[in-house]
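Coordinate inspection notes
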Amino acid sequence: MEEVIKKHYTGNAAELYVARRQNNPKWQTEQSVVEDFVSDTQDISTVIDAPLGTNRYGKFLEGQDHITKVSGYEFADDMIKEAEKIKSSKLHIHKHDLVNNPITEKADLSIIMRMLNLFPQNRSEQILNNVLCATEKYCILSLRHWPKKPALIDGKVWIQNLTEIFDIFLANNFYVIGKKDVKDNQQGQYSIFTLRKEE
């Protein structure tokens, strides 16, 4: 965990994180999926953003009257500093290791964006379990996937096996209700999934 953070989320990398990505089609699709779903789904009042990163959804969630609380879980100190620059009366920040520690405070919606391809599949499955266990209704997550065995590409991105990830969804009683694919030149398929919990 610490190694990934040092490589991608400290110092200058944290400060320039949004500026380097906000015009990218992946980033824009992620943003629109989250904003459209939250705007259209009025039975959400509490949100888990894990990892919080720079608090990219902060301004939007602050303006949504039906959202009363946002719990942001982040391990990188420099990303927390960036997140705090976006003022929000609803945001509560928690320094948290998502790989090794389950979230204990429940919320209606969880957002897991740009995390599940940073680690080998077994660790990504731990992260998924650690967030879904605290998610009461819905989850939106991003994932680069394919039908083959998980593989590390270019020394930085893990492409996960979709069937095994789906097994984690089902084990936590979550089912896919939406999927938005983003085309790019990298291997595997990058998708934003929307899940709903069934009791």
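Structure: see above.
All of the points below concern the structure found in this document. This structure is a prediction, so every number in the text was calculated from the model and none was measured.

Parameters and conventions
- Residues numbered from 1 in each chain as written.
- Predicted model: local features only at pLDDT ≥ 70, side-chain atom pairs only at ≥ 80, totals over all residues.
- Heavy atoms only, no water.
- Axes fitted to C-alpha atoms, helices over the stretch in contact; angles between N-to-C directions.
- Helix = DSSP H or I, 4+ residues; strand = E, 2+ residues; numbered from the N terminus.
- Parallel < 35°, antiparallel > 145°, perpendicular 65-115°, else oblique.
- Left-handed = near helix turned anticlockwise from the far one by under 90°.
- Contact = heavy atoms within 4.5 Å.
- Buried < 20%, exposed > 50% of the residue type's maximum accessible area, 1.4 Å probe, protein only.
- Pairing = 2+ DSSP bridges.

The interhelical angle for the contact between helix 6 (residues 121-132) and helix 7 (residues 162-171), taken along N-to-C directions, is 20°, at an axis separation of 10 Å. The orientation of helix 6 relative to helix 7 falls into the category roughly parallel. Note on packing geometry: the crossing formed by helix 6 with helix 7 is right-handed. Note on element contacts: helix 7 touches helix 6 through E164, I165, I168 and F169, opposite Q121, E125, L128, N129 and L132.

Before going further, it helps to examine unusual backbone geometry. In this model, A50 is joined to P51 through a cis peptide bond whose omega is 5°. Position of P51 relative to the elements: it lies in the loop between strand 1 (46-49) and helix 4 (58-62). Here the phi dihedral of N55 falls at roughly 65°; this positive angle occurs in a residue that is not glycine. Among the secondary structure elements, N55 is positioned in the loop between strand 1 and helix 4. Although it is not a glycine, D154 adopts a positive phi angle of roughly 55°. Position of D154 relative to the elements: it lies in the loop between strand 6 (151-153) and strand 7 (157-161). Exposure remark for D154: the relative accessible area of 70% places this residue in the exposed category.

All right, on to the pairing of strand 9 (residues 189-197) then. When strand 5 (residues 135-146) meets strand 9, the two strands line up antiparallel, connected through eight bridges. From the neighbouring strand, C139 faces strand 9, where its bridge partner is L195. Sheet topology places strand 8 (residues 174-182) next to strand 9; eight bridges connect them, and they run antiparallel. Within the sheet, the bridge partner assigned to D181 lies in strand 9 and is S191. Counted along the chain from strand 8 to the antiparallel partner strand 9, the turn is six residues long, and its residue G188 has a positive phi close to 75°.

The analysis is restricted to geometry; functional conclusions fall outside its scope.
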